[in-house]
6 protein chains.
Amino acid sequence: MSDDSEVFQALRSVSTATITTILLKKGLRNVWMRGVAPLKPGQPRQVGRAFTLRFIPAREDLATPAAWSSPVSTRAAVEAMPPGCIVVVDAMGNTDAGIFGDILCERIARRGVLALVTDGAIRDLDGVNASSLPVWARGVAAPPSIAGLTFVGWDTPVACGGVAIFPNDLIVADNDGAVVIPDALIPDVLAEAQDQEDLEAWIVGEVEKGVALPGLYPPSAETLARYKKDKESRAL
Amino acid sequence: MSDDSEVFQALRSVSTATITTILLKKGLRNVWMRGVAPLKPGQPRQVGRAFTLRFIPAREDLATPAAWSSPVSTRAAVEAMPPGCIVVVDAMGNTDAGIFGDILCERIARRGVLALVTDGAIRDLDGVNASSLPVWARGVAAPPSIAGLTFVGWDTPVACGGVAIFPNDLIVADNDGAVVIPDALIPDVLAEAQDQEDLEAWIVGEVEKGVALPGLYPPSAETLARYKKDKESRAL
Amino acid sequence: MSDDSEVFQALRSVSTATITTILLKKGLRNVWMRGVAPLKPGQPRQVGRAFTLRFIPAREDLATPAAWSSPVSTRAAVEAMPPGCIVVVDAMGNTDAGIFGDILCERIARRGVLALVTDGAIRDLDGVNASSLPVWARGVAAPPSIAGLTFVGWDTPVACGGVAIFPNDLIVADNDGAVVIPDALIPDVLAEAQDQEDLEAWIVGEVEKGVALPGLYPPSAETLARYKKDKESRAL
Amino acid sequence: MSDDSEVFQALRSVSTATITTILLKKGLRNVWMRGVAPLKPGQPRQVGRAFTLRFIPAREDLATPAAWSSPVSTRAAVEAMPPGCIVVVDAMGNTDAGIFGDILCERIARRGVLALVTDGAIRDLDGVNASSLPVWARGVAAPPSIAGLTFVGWDTPVACGGVAIFPNDLIVADNDGAVVIPDALIPDVLAEAQDQEDLEAWIVGEVEKGVALPGLYPPSAETLARYKKDKESRAL
Amino acid sequence: MSDDSEVFQALRSVSTATITTILLKKGLRNVWMRGVAPLKPGQPRQVGRAFTLRFIPAREDLATPAAWSSPVSTRAAVEAMPPGCIVVVDAMGNTDAGIFGDILCERIARRGVLALVTDGAIRDLDGVNASSLPVWARGVAAPPSIAGLTFVGWDTPVACGGVAIFPNDLIVADNDGAVVIPDALIPDVLAEAQDQEDLEAWIVGEVEKGVALPGLYPPSAETLARYKKDKESRAL
Amino acid sequence: MSDDSEVFQALRSVSTATITTILLKKGLRNVWMRGVAPLKPGQPRQVGRAFTLRFIPAREDLATPAAWSSPVSTRAAVEAMPPGCIVVVDAMGNTDAGIFGDILCERIARRGVLALVTDGAIRDLDGVNASSLPVWARGVAAPPSIAGLTFVGWDTPVACGGVAIFPNDLIVADNDGAVVIPDALIPDVLAEAQDQEDLEAWIVGEVEKGVALPGLYPPSAETLARYKKDKESRAL
C-alpha cells in the first residue's frame, strides 16, 4: 500500500480535467462518469481504490424490506468495505430511489471510506449532509433503494455513469466529477500530471498578462522554452 | 379540519424518506414525484391537502395571451385555492415554459397556500424567490406557460412527476422532494412514523459510537430490546 | 454601435421572462435556450450581440490534441471574438465533454467578451469560477472537448439549446436563462418592455395589498386606468 | 352530422402531410401526434371526430384488477363511444403497459368506432391484428394498463403525443401518422386541400419529366399559369 | 428436467399478456422487458430457462478485438450455453453496438438454444435472419460490441430491459415481447393461465356476437356461470 | 472519379458490419449513424460520396413557407447535388418534422443521387416509397420541415446520428444502417474488407458443420491455415 499512498498524495493535486486530457492522449475517451456530481460544492478532491457495489432493477418478489437482512445485503457490503477505499455504486443511473440514507452513510464514513460515488441518488439529504462522508451522486430521492432496485453484490466489475469500473481501479473525484485511472496507466498519469498542472498555471498567468492564445496554448516550442526558463529562474 | 390539523402537526416531524419506506411496506412504490426538488435549499417541510391544476400541450389557436383572461384560466384557479392547501400542478414534466411567475406566486402565497409543487418550471426566479411561497419544481424557464402549455382546469385527478394525485390527497414535501399519502393509508403512516424516526435516530447514535450494521440495521430482536430499554430510561 | 449601446442599456433592466412574453405576442415561441442556466447564482443580466461557435461530434481521426493548434481551432476563434459580444456555442447539447476550461475562459474575458452561453458543459469549474467571465451552460464535465466534439468554425448560424442563433442576433441572459431577440423585433421589444416591467411591478404591489387577480392580471381597462393614474401621480 | 359526412368524405383524399402544411400557414405548428404510428402498414386513411380517454400514472392502491369493474372504467368508456368517432387515448406516452387488448379492441370495432389513436401501447398484438379495428399507437406491450396506468375518465381535453386534443376535434390518420384539425380551421383546410393535392400531383408529374425545382416548387406565377392551363385542358 | 418440459409445454399456449396479468394479481408489476421486440414478425412463442450474459460499458483499454479470444469472452459464453435455454443478454440498453452477428447467432442456434433475448442490438441483420435463431432485441447496429461494450461474464443476475433476471428464471417470449416468471410463481401461473386463456377466447366470441362489455369483461357471476355451462356443453 | 468507381465497386460487396470492425481496429469507434435505418427492408447496399445538408431549429420569423423560395433553400440544395452522391442531411435528430416529401425525393432521384441518409424524418411516406430514391432515416412525420427546422446550407461539415460527416467523406449504407469511411482510411478498408468477408463466410460454413467457436472465431493460426488451404483448393 506504500506505493499507493505516494500515488494518492501526488494525485491529490491533479485535477480530473488534467487526468482526462492525459488519458485521452493515451486513447482513453470514456473515463469520466456521466452526471455524477459532488453533493456539496467545494468538497476536497478524493483519491482512492474502487470498492464496487452493484444493483439491478427491483422485482417485487425480491426487493422487499426483508432483503435488508439477507446475507447479500447492502449492510453486509458496508461491513466489507476496506478503509481508504472509494465506494463506487452501480445504480444503473436510476434517480428515482435513494441507494443509501443517513444511517448507512454514517457507517460508511466510520469504516474509513474516503468517498461514495454513484450514478444513482441518495436519500435523507439532511442526514447525509450531517455525516462526514463526501458523496458524488446524480441526485436525491426519498424512496428506499428497494422501491426501484435490487442489490446483487460487491467487488465485481460495474458500470457507473456509463464508465466501466473494476475493483481496485483508481478513482479521483473533484468539482468536475469523478474519473477512473486504469492501473496500467497510473505511471503515465503521474509522469505527465504535475508538469501539465505547472504548465497550465503558468499559461493562466500569461493570459492574465494579456498574452493571446496562438503559440501560447497549446504552447509552441518558443513558449515552452520561455516557460522552462521562468520555471528555472523561480526555482532558484 | 381538526383531524387534519393534528395529522399535519404529527407529519411535520416525519421525513418523506420515512413515509416512502412505510408506504412501500404497504405495497405502494410509486408515491414520490420524480424530479420535483425544492427551489431553495433548506425550505421547511410542508404538509397539506392537494389542490390540483392541470395543463395539456399548447396549441397555437388556444394558448394565447387572451387565454389568461378566459374563465378557465390559471387566474381563476388561483382564486379558487383554499387556504392551507398545497397546490399540485401537472405540467406534463415540461421544463421549457414557466407555469407561474412572481405575480401569481405572490397571490398564491397571499391566499394562504402552503406550497407549490409541480413537475414543470417556474419563471421570474428572482421574483418568485422574493415571494413567501415555498416552491418544489423541476426547473426555471423564462417563457410563459402559453409558450408550451394550455391550462385546462383544476380540482381533477392529475399526474405530477409520474405519480397519480387526486384532489385532497395528503402531500408532504421536504429536502428529499414531495410525496403523496393516500387517505386510507394516513393512519398506518401515523402509527409507524414517529416510532420509525425515533428508532432511526437511536441507530444513528449507535453508528456514531462505532457499532457495526449487522444486527443493528435492520435491528435484530436483541437490538430492539436494547433500543426500548434506552428509550424507557431516557423517558424517565 | 451607438444604437446598440442604447439598446443594451435599455434591455439591461428587462427580464428574459418579459422578453419571451413580448416575442410570443409577435408569434415567436422558440427563443429561450433549453437547459442553459447560469453557472453561478446571481450573475447580473448580460445583453450583447451573438458571436457563434460550432461543434460537431468527435471522430477519432479528427478530434485529437493536435486539433488544438489547427487554423480552425477554438483558440483561433477566441482571438476573433469582438469586445462586447456574447459568445454562443453550439455543443449539440453534449454534457459529457467540457468545451472550455480556465485558460480559454480567462482569455475570453480578457478579450472583453461579456458572457459565454452554451448548450454544452464547461470544465475546470474552479478555474472558470476564478475567471471573471459569466457563464450560462448546461453543466460541468472533466473531459476535454475533443473527447466528444470536433470544432468546425465560427460566425455561422448555430443551434443552441434548441434555438436558432444567427451571428449578430441580440442575446439577453439572466437568472431565468438566455434568450435571443431577432434584429427585426428589437424595436417591438423596446417599445413594450419598460411599460410591461412597470405595469408588472405595480401589479405585484397591488397583489401585496391583497387585491385578487381577476381584473388585475391581466389588467382590465379599469385596472389600466388606475395604473396610469398612479403612475402619473407618482411622476409628479 | 350531414355537414360532417361531407367534410369526412372530402378529407379522405387529403394526406396528413398536406393538412399540416395548410395549418402551419395558419400559424399552427403543433398538430401532429409525436410517435403515433399505424400498427399495420397500409391502413386506409381515417377521418372522424375525437372521443377522448385519459390515463394518469398507476398507484398501487388504485390500479388493480378490481378497477376494471369500477364505474369509471375503460369498459364503461367503451360503451359510451359513439359510432363513427375516432378514439384518442392519452396514455402519457407510456409504452410499458398495453392500454387495450383483443377483447376491448374487438368491442370498440363492434361499436362502429373508426380507429384507435394513442400515444401509449396496445397488448395482445395477434388478437388486435385479428380484430377489424385500425390502430395508431406508439408500440406493443404485454402488461395490462394497470401495471403502469390508472384510468380517470373520458370526454375531457387530453394530451396525445404532445398535442392538445379536445372532444369533437377532427382527427385524420394515415401512413404519416395522426393530426388534429381544430373546428374553426376546417373550412380553411377544405378550401385549400384539394387544390394543394392536385397541384402537388401535377408537380410530381413535372418532376418525373425532368423539370428542375427552382420555379416549379414552390411554383412561380408562370408555373401556376402553366398548371392551370394543363388542368383546364385535361378537364375538357 | 421432466417437470420443466411439462411446464414448457403448458406455457407454450399462454400469451405473455396473460402471464403479466396473472403476475400482477400476485403483486409483480415489473416482469416485462421494456423495448425488447421480436426481430421478425410472427416468430413462434418460446419458453425456456434463462442463461444470462452481462456487458458493461466499453473502456478503450479493455474492449479491443483481442478481447474476443480472452477466457472471459462471448465465445466462451456461447460454448457454455446449455441446450434448450433462452439466452438473456444485459447490454444496458445500448443500441449503438451489435452484441452478436451471424457467426455467433448461427453457433448459438447449433448449440440448441431456443432464443436470444437482449435489451441491446444485433448486427449482420441479413446473416442473423438467415440463421435459425429467433431473436428478441431492441434494434440493429453495424458496429461490433466492443465499440460500446465490454463483456464481463455469464450465469449471474442481470438487468434486461429494466427487469431483474436471475439464472434459471423462466422466460416466455412472443409477439408482445419477453417476460420473466420467477420460479416460486410458476405454479400460480400454470393454475390460472389455461383457464384465463379459455375464458378470454370465450369472451372474444361473445363480443363478436355483439355483447356489450359491462358484466361480460371482467365477467360477472352470471357471465361466469354462462361460460361454465358453455364450456361443459362443448366438452360433451 | 475512376478511382472512386473502383472503390465503390469493391465496397458494394462489403457489409457495414465488416467496415465498422476494420475501422475500430484503426481506432475509430464513432462511424455508424445512430438510429438511421433503411426505410424499406431489403434496400440494396449503397456506396457514394457525401453531399451534406444542414438544418438548425425553427424560429418562427425564419421557418415559413416563404423560406422555400429563398436562395438558401432545400430546393437550391437539391439542384446542386452531383450525380452519384449520397445526400447526408443533419436534421439534429428531429423526428417531429419531415425534411423531404415525395416531390423533393422524386427530384433528388432524377438528379442521379444514389441515396438519402438523414437523422431526421421524411414525410409523404407513400409518395417517397413510390419514388425510386432509397432512403435511410429515423422515422416518418407528417409536418413540413419548417414546423421544426430551418435550412441553413449545404456542403459543410455536419452531424448525422451522432457522427461527424464532412463533404466527400465516403458513405456506405445497408440493412445494418449507414457508416462513414474517412478518406485516409479507404485503402485500409479495401485491403482488409474482402479478406474479412471471405473468412467470415468460410467460418459461417464451419459453424454450420458444427465446429465450436474456440479457435474458430476469432481464428487461431491453425484455423487460418485450414482456411487458406480450403480457399486455394476451391480456387482451382
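Residues numbered from 1 in each chain as written. Chains lettered and ligands numbered in written order. Predicted model: local features only at pLDDT ≥ 70, side-chain atom pairs only at ≥ 80, totals over all residues. Heavy atoms only, no water.

Help me get a handle on the relation of the copies chain D and chain E, residues and values and all.
Overlay of chain D on chain E (RMSD 0.0 Å): rotation 120°, translation along the axis 0.0 Å. The transformation just described matches what one would write down for a three-fold rotation axis. Ranked by how close their C-alpha atoms come to the rotation axis, the residues of chain D are headed by D:P41, at 7.4 Å. (Least-squares fit on C-alpha atoms with pLDDT ≥ 70 in both.)

Could you give an account of the interface of chain D and chain E, with specific residues and numbers?
By a widely used convention, the size of an interface equals the accessible area lost when the partners come together. At the interface, 28 residues of chain D touch 26 residues of chain E. Taking both sides of the interface into account, the surface hidden between chain D and chain E amounts to around 2,400 Å²; carbon and sulfur atoms contribute 64%. It is D:I103, D:R107 and D:A142 in chain D that bury the most area against chain E; as a group they hold 25% of the surface buried on that side. A salt bridge links D:D96 to E:R34; its shortest N-O distance comes to 2.8 Å. The tally of links from chain D across to chain E stands at 13 residue pairs in polar contact (both at pLDDT 80 or more). The set of elements that each furnish at least two residues to the side of chain D that touches chain E consists of helix 3 (74-79), helix 4 (102-110) and helix 5 (125-130) of chain D. Here the element with the most residues in the side of chain D that touches chain E is helix 4 of chain D; it accounts for 6 residues. Class assignment of the residues belonging to the side of chain D that touches chain E gives a composition of 15 nonpolar, 2 polar and 11 charged. (Contact = heavy atoms within 4.5 Å. Buried area = accessible area lost by both parts, 1.4 Å probe. Salt bridge = Lys/Arg side-chain N within 4 Å of Asp/Glu carboxyl O. Polar contact = N/O pair within 3.5 Å; in protein donor to acceptor, adjacent residues only side chain to side chain. Helix = DSSP H or I, 4+ residues; strand = E, 2+ residues; numbered from the N terminus. Nonpolar A, V, L, I, M, F, W, Y, C, P; charged D, E, K, R; others polar.)

Which residues make up the pattern of salt bridges, and what values do they have?
Inspection of the entire model under this criterion finds 90 salt bridges over all chains. Here B:D169 ties to D:R59 by a salt bridge, and the two come within 2.8 Å at their closest N and O atoms. In this pair, B:D169 is assigned in the loop between strand 10 (163-165) and strand 11 (170-174) and D:R59 in the loop between strand 2 (46-57) and helix 3, connecting two distinct chains. Taking the relative accessible area as the measure of exposure, B:D169 reaches 7% and is therefore buried. Owing to a relative accessible area of 3%, D:R59 belongs among the buried residues under this scheme. With a shortest N-O distance of 2.8 Å, B:E206 and B:K209 are connected by a salt bridge. (Buried < 20%, exposed > 50% of the residue type's maximum accessible area, 1.4 Å probe, protein only.)

Give a description of the packing of aromatic side chains that names residues and reports values.
Each aromatic ring pair is summarised here by two numbers: the centre-to-centre distance and the angle between the ring planes. All names here are of chain A. Applying the stated criterion to the full structure yields 18 aromatic pairs over all chains. With centroids separated by 6.3 Å and ring planes inclined at 15°, the aromatic side chains of F151 and W154 adopt a geometry described as stacked. A relative accessible area of 12% means that F151 is categorised as buried. Feature note: the residues F55, F151 and W154 constitute an aromatic cluster, connected by ring pairs. (Phe/Tyr/Trp six-rings, centres within 6.5 Å; stacked < 30°, edge-to-face > 60°.)

Which residues make up the confidence of the model for chain A, and what values go with them?
Atomic detail in the predicted coordinates should be set aside for any region of low pLDDT. On average, residues of chain A score 94 in pLDDT, and 98% of them reach the 70 mark or higher. Scoring the predicted complex yields pTM 0.96 and, for the interface, ipTM 0.94. (pLDDT = per-residue confidence, 0-100.)

Give me the lowdown on the state of the cysteines, citing residues and values where you can.
Put plainly, two cysteines are in a disulfide when a covalent bond ties their sulfur atoms together. Residues and elements named next belong to chain C. In total, this model carries 0 disulfides over all chains according to the counting rule given. Unpaired in this structure, C85 has its nearest cysteine sulfur neighbour in C105, at a distance of 13 Å. Residue classification places C85 among the buried residues on the basis of a relative accessible area of 4%. (Disulfide = S-S within 2.5 Å.)

How would you explain the arrangement of the chains if you had to name every residue and give the values?
Between chain A and chain D there is no contact, and the shortest C-alpha to C-alpha distance separating them is 12 Å. Separating chain A from chain F is a minimum C-alpha gap of 8 Å, and the two share no contact.

Any details on the environment of B:D90? Residues and values, ideally.
Its location among the elements puts B:D90 in strand 3 (residues 86-90). When its relative accessible area of 6% is taken as the criterion, B:D90 is described as buried. Sequence separation between B:D90 and B:W136 is 46 residues; the distance between their C-alpha atoms is 12 Å. Once residues lying within four places of it in the same chain are set aside, the contact partners of B:D90 are B:L53, B:R54, B:F55, B:D119, B:V158, B:A159 and D:R54.

Please set out the packing of helix 6 (residues 186-208) of chain A against helix 4 (residues 102-110) of chain C residue by residue, giving values where relevant.
It is at 9 Å that the axes of helix 6 of chain A and helix 4 of chain C come closest, and there the two elements cross at 5°. Judged by the angle between their axes, helix 6 of chain A and helix 4 of chain C are roughly parallel. When helix 6 of chain A is examined against helix 4 of chain C, the residues A:E200, A:I203, A:V204, A:V207 and A:E208 are found in contact with a partner set consisting of C:D102, C:I103, C:E106, C:R107 and C:R110. (Axes fitted to C-alpha atoms, helices over the stretch in contact; angles between N-to-C directions. Parallel < 35°, antiparallel > 145°, perpendicular 65-115°, else oblique.)

If you had to explain the pairing of strand 8 (residues 149-154) of chain A to someone new, which residues and values would you point to?
Residue and element names in this part refer to chain A. Among the 6 residues of strand 8, 5 are classified as buried, and the element is accordingly described as predominantly covered. Bridge count between strand 2 (residues 46-57) and strand 8: 5 bridges; the pairing is antiparallel. In the sheet register, P57 faces strand 8, and the bridge partner there is L149. (Pairing = 2+ DSSP bridges.)

I'd love a proper account of the interface of chain B and chain A, names of residues and values included.
Counting residues at the interface gives 26 residues for chain B, matched by 28 residues for chain A. Of the roughly 2,400 Å² buried between chain B and chain A on both sides combined, carbon and sulfur atoms contribute 64%. At the boundary of chain B and chain A, one finds 1 salt bridge. Inspection of the region where chain B meets chain A yields 13 residue pairs in polar contact (both at pLDDT 80 or more). Sorting the residues of the side of chain B that touches chain A by element identifies helix 2 (16-25) and helix 6 (186-208) of chain B as the ones contributing at least two each. Counting residues per element, the side of chain B that touches chain A draws most heavily on helix 2 of chain B, at 7 residues. The class makeup of the residues in the side of chain B that touches chain A is 13 nonpolar, 7 polar and 6 charged.

Tell me about the environment of E:A121, and please be specific about residues and values.
Residue and element names in this part refer to chain E. In this structure, A121 sits in strand 5 (residues 121-122). Along the primary structure A121 and V189 are separated by 68 residues, whereas in three dimensions their C-alpha atoms are 30 Å apart. With sequence-adjacent residues up to four places away left out, A121 is seen in contact with N94, T95, A97, G98, I99, F100, G139, V140 and A141.

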